[in-house]
Amino acid sequence: MHQTKFWLLGTLTVALLAEMANRERTFIMIKPGGVQRGLVAKIIARFEEKGFKLVAMKFSQPSKEHLETHYADLKEKKFFPGLISYMTSGPVVPMVRAISCAERARGSSQARLR
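Keep in mind it's a predicted model, so treat the numbers as computed, not measured. (Residues numbered from 1 in each chain as written. Predicted model: local features only at pLDDT ≥ 70, side-chain atom pairs only at ≥ 80, totals over all residues. Heavy atoms only, no water.)

Q: Give a description of the overall build of the protein that names residues and reports values.
A: The helix and strand inventory of the protein stands at six helices and three strands. Split into buried and exposed, the 114 residues of the protein put 26% on the buried side. In the protein, of all internal contacts separated by at least 6 residues, the share reaching a separation of at least 24 is 80%. With an accessible surface of roughly 8,300 Å², the protein has 57% of that area assigned to carbon and sulfur atoms. (Helix = DSSP H or I, 4+ residues; strand = E, 2+ residues; numbered from the N terminus. Buried < 20%, exposed > 50% of the residue type's maximum accessible area, 1.4 Å probe, protein only. Contact = heavy atoms within 4.5 Å. Areas by Shrake-Rupley, 256 points an atom, 1.4 Å probe, with all protein chains shown as cover.)

Q: Would you mind going over the confidence of the model for the protein in detail, with residue names and values included?
A: Note that predicted coordinates carrying low pLDDT should not be read in detail. Per-residue confidence for the protein averages 79 on the pLDDT scale, and 67% of its residues sit at or above 70. For the protein, the element scoring lowest by mean pLDDT is helix α1 (residues 14-21), at 51; helix α5 (residues 80-87) scores highest, at 96. Throughout residues 1-15 the model reports pLDDT below 50, and contacts reaching past four residues in sequence, or to other chains, amount to nine contacts. (pLDDT = per-residue confidence, 0-100.)

Q: So what's going on with the environment of Thr26? Which residues, and what values?
A: With respect to the element layout, Thr26 can be found in strand β1 (residues 23-30). By relative accessible area, Thr26 is classed as partly exposed at 27%. C-alpha of Thr26 to C-alpha of Val96: the two residues are 70 residues apart in sequence and 5.6 Å apart in space.

Q: Describe the packing of aromatic side chains, naming the residues involved and giving the relevant values.
A: According to the stated counting rule, one finds one aromatic pair in the structure shown. Above the plane of the ring of Phe52 lies Arg97, whose end atom (NZ or CZ) is 4.0 Å from the centre. (Phe/Tyr/Trp six-rings, centres within 6.5 Å; stacked < 30°, edge-to-face > 60°. Lys NZ or Arg CZ within 6 Å of the ring centre and 35° of its normal.)

Q: So, the environment of Leu67: which residues are in play, and what are the values?
A: Structurally, Leu67 is set in helix α4 (residues 64-70). For Leu67, a relative accessible area of 2% gives the class buried. Residues Leu67 and Thr88 lie 21 residues apart in sequence; the distance between their C-alpha atoms is 8.1 Å. Setting aside its immediate chain neighbours within four residues, Leu67 contacts Pro62, Ile84, Met87 and Thr88.

Q: Quick one: what's the story with α5, residue by residue and with numbers?
A: Within α5 the residues assigned to the buried category are Phe80, Leu83, Ile84 and Met87. Within α5, the buried residues cover an arc of 95° as seen down the axis, which keeps them to one side. (Arc of directions from axis to C-beta.)

Q: So what's going on with the side chain of Ser60? Residues and values would help.
A: Take Ser60: it is sitting in the loop between β2 (53-57) and α4. In this view, Ser60 contacts Pro91, Val92 and Pro94; residues no more than four positions away in its chain are not counted.

What follows is the structure, given as structure tokens:
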């Protein structure tokens with residue numbers, strides 16, 4: 001399981017901390033192809049239309065070393081070199097989506113994206 005780091009800017013109120021305690025986080029990334037084809041806004045809009053709450057997002061160009069660490073569990077696969085090459089071919093948009101405990105109890109939210 002990958003650890004996700006969160007950078008919190010400013011002061012968090014007690015109410016926000018209580019809300020965060022009742023939520024899990026899911027990592028989502030728009031890969032270089034989606035960024036290069038200009039699909040970032042459409043993809044974000046689709047998440048928002050479905051009621052998903054995005055709590056963090058940034059435009060970045062991860063290093064080869066960072067991606068090799070992120071995908072370390074796939075290192076022995078034949079496609080690993082191609083994956084790293086593709087992921088370093090352009091910028092990505094990593095995001096974090098909050099999942100409420102109630103949503104988690106209802107089951108997977110994957111079907112809601114269709």
